[in-house]
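Structural features, examined
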Amino acid sequence: MRRPLLAGLLLTSSLGAAPVDFAHEVVPILRKHCVECHAGDKKKGSLSMNTRGSLLEGGENGVVLVPGQAAKSKLIESVLSADPDVRMPPKGERLTSAEVATLRAWIDQGATWTEGFAFKKPAYEPPLRPRQPALPVARDGRTHPIDRVLDGWLTEKGAPTPPVADDATFQRRVMLDLVGLLPSAEEAQAFAADRRPDKRAALVRALLARDVDYADHWMVFWNDLLRNDYAGTGYIDGGRKQITSWLYVSLLANKPYDQFTRELVAPSADSEGFAKGIIWRGAVSAGQVPELQFSQSVSQTFLGINMKCASCHDSFTDRWKLRDAYGLAAIYSDHPMELVRCDIPTGKPAVAAWLYPELGQVDPSKPREERLAQLAALITHPENGRFQRTIVNRLWHRLMGRGVVHPVDAMQTQPWNQDLLDVLANRLVESKYDLKAVLEFIATSQAYQSRAEILARDAEDKGYVYRGPRAKRLTAEQFVDAVWRLTGTTPAKIELKVPRAAPTAASVKKPVVEPLLAAGIWSGDVAGGRLPEAGETRSFRRQLVLDAEVDVAACVVTCDNGFELYVNGKKLGAGDNWADPKSFDLGSALIKGANQIVVVGHNAGQKPNVAALFFQANIELKGGARVKVATDASWEATASLPNAKGVFAAGKAKAKAAEVVWQPVAIVKGDAWRKAEARMAEMLAGAGASSLPARASLVKSDLLQRALGRPNREQIVSMRPNELSTLEAIDLSNGQALTNLLSAGAAKLKQKTWASPEAFVRWLYLSALSREPSAAELKVAAGMVGADLSEQGIADLLWAVCMLPEFQTIR
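A closer look at the overall build of the protein
Across its full length, the protein carries 29 helices and 18 strands. Once local pairs closer than 6 in sequence are excluded, the contacts in the protein between residues at least 24 apart make up 71%. Within the structure as shown, the protein displays about 37400 Å² of accessible surface, and the carbon and sulfur contribution to it stands at 55%. Separation between the mean location of the 100 positive side-chain charges and that of the 91 negative ones in the protein comes to 1 Å.

Below is the structure:
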């Protein structure tokens, strides 16, 4: 233990000089002139003098101290230099000649250092390998391992055990957490009436057995974490690739997490989009090339390490260095890489290497595919507790509202309860990396089932003390799904081609594609051979009477060159590319009785050219009757246009309906639209091929979801904000997107039979909030909808309920 000191004394004796006292002579010099910039978290030039080891390691300019050789040590050279670019310290008082002599002698004597001394407390270094913590004795019959750990922690802190949440709160929480859906009024009533003592655990297991609902919901979590989306930067020009189908199938099958990870790190063609990253257009920094994106994504997603700083320079916040970031990048790269510091090439080659060599190392001489396979095996190594802890910490945060390590991407940070983190990680390994098993493990604990801690908006998170799960804001997708289910406005289908059921002999059959009934139409004045003018716009309508309420209705539309669709005066959508037909759910827009479908078609081009509108709707009524509506000679056309509210106007002046002149259409034939017609037929077949309702997680983002915080996923998002921004709140409360959705829902709910306004209000509160309204709420809400349940009153009440913090929060 005293060998360095003994060696120093022998050297001193041989030189005939008195030994330098490190603690009393060297430390004051370094503390006075050096450690402000080179100790603790400060590592200017990547040089740390915090410990002897870090000092001997050197910085970005190489080794600065050679024990026993002051003449070869850059430290002495820099403190003596007059060059302003080299001298140290760069500002302030220079070292005296006596101080320089002391440092020189100290180095010549071997640079001895008091064992264990550091100028500042070393940064926390989390354990790498798995741990088996001893569980405290169970208290009050609470035998679940999570509860034993937390009860022991609470006892140690002198803190009370959080009270248990009531059944309704638990049911709403666990359904939103595990499958992303609100309990229906019927589900809420059935759970309240269930007297089984194990009904909560039974509900958890039943929810996790709903494979499709589970996969639909957890697509949100994984799309955010793997920065996968359905549209956006890079997808059109080939600079980015989806992994949607691979991801959905993996979730549907509950693929073991270690296998899931290996397939992303050493990918196949189906899963390579994560590793490929995004090829950005134009000039980008060296730290954003695809190889370094791979380094950053793998580190952040699977290990909770922020490698973005280290992709430019040695990190200022933790121990990761530029060579670490480039080491991972070189594993993925198919060409030699050079270390680039702050966009300045260093001339040093990057060497393929893994972050934790104590578990093994990647062979840089092997081909790329073999290096990736080695990396995948090292990340998922049974002794890599960092990998295990990172994912269970993310799941704990997802269900409990705060990570054991928080933020969840800062896994170098000390957890507030290491034993809890290890109990969770060990459960993952025991279950053979079954993520559903970990979710069940958390959700069946008394800790998860406790009453939620609701923080004030301005509450700080310093000095965290566990007081139960924290209330969480609904995700954009949960909010939209909830509104869809409440109002009956769920789209009839999704555009994504994902298998939303386990494959069976019946399900592998492709849906029957029936011939398209829709014919191309334009205004009747083209029958004589006239070509529509460039920019010409016409309105087309079809009136129909439905004998019963609509069960399911979907349509497909395209127009050469663009269109807007209105049904019963409400705009449902638009398209601007005839080769890309659009589909719409008509279930919330069509009503029993008289209906009017209007499509405004636009021609384009620089000179007169052919134009045509194609529309077809397949409608199924309550009772089973089927109706098909398609563009044909029965449609009518006019040069008049509707305004934004679907009301027609002649020129700039509003006109009464009687003033709008409707005339017969002409059938337009041609081969130019064959591919679009075939696509429309396929889309209609797909719309009727599945009875599964759409989910917001499986549709492209829109204005409403963006207002609710759905990210664009160009970067990894591991934690969405738990509070609405001011702009999001304004957009949500005043935006047209939600208003239109609630108006369509009010029309649907108006058609249903309700015993009384009070019965409707009770149903709404039970469905949206999992509770009955208070007497005061019932009175106000019933007065809002009126004795006749007016459509506007229903829409207003829907808006009021959706704006409640109680609705927007998982408590």
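A look at unusual backbone geometry
The amide bond that connects Met88 to the next residue, Pro89, takes the cis arrangement and shows omega of -10 degrees. Along the chain, Pro89 falls in the loop between α5 (74-80) and α6 (97-108). With phi around 40 degrees, Arg227 is a residue other than glycine that occupies positive phi space. Within the element layout of this structure, Arg227 appears in the loop between α11 (211-225) and α12 (244-252).

Here we look at the domain arrangement of the protein
Examined at the domain level, the protein breaks down into domain 1 (18-108), domain 2 (274-379), domain 3 (520-685) and domain 4 (726-810). Using only C-alpha atoms to locate each centre, domain 2 and domain 3 end up separated by 53 Å.

What about the confidence of the model for the protein?
Considering every residue of the protein, the mean pLDDT works out to 89; 94% of them sit at 70 or more. Low pLDDT (under 50) marks residues 1-15, which in the prediction has 14 contacts with non-local residues, meaning those over four places away or in another chain. Note that residues 650-655 has pLDDT below 50 and, in this model, five contacts with residues that lie over four places away or in other chains.

Digging into the packing of helix α18 (residues 385-400) against helix α20 (residues 435-443)
Across the interface, α18 lies against α20 with an axial gap of 10 Å and an inter-helix angle of 45 degrees. One element, α18, and the other, α20, form an angle in the oblique class. The two elements α18 and α20 meet at a crossing, and its hand is right-handed. Together, Ile391, Val392, Leu395, Trp396, Leu399 and Met400 of α18 and Leu435, Val438, Leu439, Ile442 and Ala443 of α20 make up the contact between the two elements. For the contact of α18 with α20, the class distribution of residues is eleven nonpolar, no polar and no charged.

Some points on the nonpolar core
If you look at the biggest cluster of nonpolar residues, it comprises 151 residues, and the most contacted ones within it are Val174, Trp222, Phe302, Trp354, Ile442, Phe760 and Phe807. Once you skip the residues sitting within four places of it in the chain, Val174 turns out to touch Val179, Leu203, Val204, Leu207, Ala443 and Tyr448. One finds Val556, Ala617, Trp673 and Met680 within the second-largest nonpolar core, a separate group that totals 44 residues.

Details of a positive patch on the surface
A contiguous patch of positive charge, built from Lys42, Lys44, Lys91 and Lys120, is present on the exposed surface. Among the structural elements, Lys44 can be located in the loop between α3 (35-38) and α4 (52-57). Lys44 sits in the exposed class, given a relative accessible area of 51%.

A closer look at the packing of helix α10 (residues 199-208) against α20
Two measures define how a pair of helices packs: the angle their axes make with one another and the distance between the axes. Packing of α10 against α20 leaves a shortest axis separation of 10 Å and a crossing angle of 155 degrees. Our classification of the angle between α10 and α20 gives roughly antiparallel. As for how α10 packs across α20, the hand of that crossing is right-handed. On the side of α10, the interface is formed by Val204, Arg205 and Leu208, while α20 contributes Lys436, Leu439, Glu440 and Ala443.

Some points on the packing of aromatic side chains
Under the criterion given, the structure shown has 33 aromatic pairs. Between Phe170 and Tyr448, the aromatic rings sit 6.3 Å apart at their centres with planes inclined by 80 degrees, giving edge-to-face as the arrangement. One end of the pair, Phe170, is in helix α8 (residues 167-178); the other, Tyr448, is in the loop between α20 and β3 (472-473), and 278 residues separate them in sequence. Take Phe170 and Tyr448: they sit in the same class, and that class is buried. Their ring planes at 70 degrees and their centres at 5.8 Å tell us that Phe274 and Phe302 sit as a pair that is edge-to-face. One end of the pair, Phe274, is in helix α14 (residues 273-276); the other, Phe302, is in helix α15 (residues 290-303), with 28 residues separating them in the sequence. The exposure classification of Phe274 matches that of Phe302, with both residues buried. Three or more aromatic residues joined by ring pairs make a cluster, and in this case those are Tyr214, Trp218, Phe221, Trp222, Trp246, Tyr257, Phe260, Phe387 and Tyr433. Against the face of Phe191 rests Lys199, its NZ or CZ located 4.5 Å from the ring centre. Above the plane of the ring of Tyr332 lies Arg368, whose end atom (NZ or CZ) is 4.2 Å from the centre.

Some details on the pattern of salt bridges
Overall, the coordinates contain 52 salt bridges when judged by the stated rule. Taking the shortest distance from any N to any O, the salt bridge between Asp422 and Arg131 comes out at 2.3 Å. In this pair, Asp422 sits in helix α19 (residues 418-430) while Arg131 sits in the loop between α6 and α7 (145-157), placing the two residues 291 residues apart along the sequence. On the basis of relative accessibility, which here comes to 1%, the residue Asp422 falls in the buried class. Of the charged contacts, one joins Asp481 and Arg695 as a salt bridge, the two residues approaching to 2.9 Å between their closest N and O atoms. Taken together, the positions of Asp481 in helix α21 (residues 476-487) and Arg695 in the loop between α22 (674-687) and α23 (703-707) put the pair 214 residues apart, joining distant regions of the chain. Each of Asp224, Asp229, Glu477, Arg710, Arg713 and Arg720 takes part in one network of salt bridges that share partners.

Remarks on the pairing of strand β8 (residues 570-575)
Taken together, the five bridges between strand β7 (residues 562-567) and β8 define a ladder with antiparallel strand orientation. Of the residues in β8, the one forming a bridge with Val567 is Lys570.

About the thresholds
- Residues numbered from 1 in each chain as written.
- Predicted model: local features only at pLDDT ≥ 70, side-chain atom pairs only at ≥ 80, totals over all residues.
- Heavy atoms only, no water.
- Helix = DSSP H or I, 4+ residues; strand = E, 2+ residues; numbered from the N terminus.
- Contact = heavy atoms within 4.5 Å.
- Areas by Shrake-Rupley, 256 points an atom, 1.4 Å probe, with all protein chains shown as cover.
- Lys, Arg positive; Asp, Glu negative; His and termini not counted.
- Charge placed at Lys NZ, Arg CZ, Asp CG, Glu CD.
- Domains from an automatic or database assignment.
- pLDDT = per-residue confidence, 0-100.
- Axes fitted to C-alpha atoms, helices over the stretch in contact; angles between N-to-C directions.
- Parallel < 35°, antiparallel > 145°, perpendicular 65-115°, else oblique.
- Left-handed = near helix turned anticlockwise from the far one by under 90°.
- Nonpolar A, V, L, I, M, F, W, Y, C, P; charged D, E, K, R; others polar.
- Core = buried A, V, L, I, M, F, W, Y, C linked by side-chain atoms within 4.5 Å.
- Buried < 20%, exposed > 50% of the residue type's maximum accessible area, 1.4 Å probe, protein only.
- Patch = residues over 30% accessible without salt bridge, like charges linked within 9 Å, V, L, I, M, F, W, Y side chains within 5 Å.
- Salt bridge = Lys/Arg side-chain N within 4 Å of Asp/Glu carboxyl O.
- Phe/Tyr/Trp six-rings, centres within 6.5 Å; stacked < 30°, edge-to-face > 60°.
- Lys NZ or Arg CZ within 6 Å of the ring centre and 35° of its normal.
- Pairing = 2+ DSSP bridges.

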